[in-house]
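# Coordinate inspection notes
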Amino acid sequence: MIQLENVSKVYSTAKGPVHALDGVGLEVAEGEYVAVRGPSGCGKSTLLTIIGTLGTPTSGIVRVAGQDVGSMNSAGRASFRARQIGFVFQTFRLLPYLTVMGNVMAAVAVGEAPAARQRAAEILEKFQLGHRLTHRPGELSTGECQRVAIARAMINRPKLILADEPTGNLDPQNAAGVLDLLDAFHQQGGTVLLVTHEEEAAARADRTISLRNGRVADPSAV
Ligand code: ADP
């Protein structure tokens, strides 16, 4: 599902270049659930951004779902991303002026809206948000917000979910609920890449990779 070969990312800043990723190689099979861990600043978010085609590497090859992402232009990446990848972030990133249903539907292409609306209602019902469809994010608990964000990530039936510390802002009970939803996606054959600092979250994954200073740490040394 994911193949990275010798991927590097250098950010240019006023204070000089920042080497966020330094020759990363990574293979994630379809249907695998992989946790990514490592200290703050080691490149975890950059890695997810590049796999998610939101950012481009400075060098190296990135393949996602069999496609060479580097050969796509930005419009191609955007449509690929919408069809193949769901994103979940620590801070939810919901649109505050849209309802719960509106937030989920915001991820859907206009032509696909009629069929997706029914699917969205079913997903939200399953996520115990059926009574919240017309509420706005400001009226929801943090756990509910993250469940809306996961519904949004799943609405286009992606093969891959990229989750960047999705439980970082949640209490243990809501965190477990969110991890259960990712587990269910995985059990139905979905691939999950989960960035997390938390032991309980990483324990849900099939395996863990560790990043250190923009490099994948030697598994035998972890
Ligand atoms: P992590 O998610 O592990 O905390 P990041 O991928 O966010 O790590 O960051 C890796 C390194 O790249 C850090 O040194 C960070 O300051 C730097 N960095 C991240 N994003 C940018 C950016 N847009 N511009 C400049 N430097 C960045």
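Here, the structure is the one placed above.
Here we summarise the structure given alongside this text. Predicted, not measured: the structure shown is a model, and the values here were computed from it. (Residues numbered from 1 in each chain as written. Predicted model: local features only at pLDDT ≥ 70, side-chain atom pairs only at ≥ 80, totals over all residues. Heavy atoms only, no water.)

This model, assessed by the stated rule, comprises one aromatic pair. Their ring planes at 0 degrees and their centres at 6.0 Å tell us that Phe-87 and Phe-89 sit as a pair that is stacked. When sorted by exposure, Phe-87 lands in the same class as Phe-89, which is buried. Lying over the aromatic face of Phe-89, Arg-93 brings its terminal NZ or CZ to 3.8 Å of the ring centre. (Phe/Tyr/Trp six-rings, centres within 6.5 Å; stacked < 30°, edge-to-face > 60°. Buried < 20%, exposed > 50% of the residue type's maximum accessible area, 1.4 Å probe, protein only. Lys NZ or Arg CZ within 6 Å of the ring centre and 35° of its normal.)

Let us look at the environment of Lys-9. Take Lys-9: it is sitting in strand E1 (residues 2–13). By relative accessible area, Lys-9 is classed as buried at 15%. In the structure, Lys-9 is positioned 27 residues away from Val-36 in sequence and 17 Å away in space, judged by C-alpha atoms. Leaving out residues up to four positions away in the same chain, Lys-9 has contacts with Val-18, His-19, Ala-20, Leu-21, Thr-46, Ile-50, Thr-56, Pro-57 and Thr-58. Polar side-chain contacts of Lys-9 include one of 2.7 Å to the backbone oxygen of Thr-56. (Helix = DSSP H or I, 4+ residues; strand = E, 2+ residues; numbered from the N terminus. Contact = heavy atoms within 4.5 Å. Polar contact = N/O pair within 3.5 Å; in protein donor to acceptor, adjacent residues only side chain to side chain.)

Even without being glycine, Ala-65 reaches a positive phi, approximately 50 degrees. Topologically, Ala-65 is positioned in the loop between strand E4 (59–64) and strand E5 (67–68). On the basis of relative accessibility, which here comes to 27%, the residue Ala-65 falls in the partly exposed class. A positive phi angle, near 55 degrees, is found at Arg-93, a position not held by glycine.

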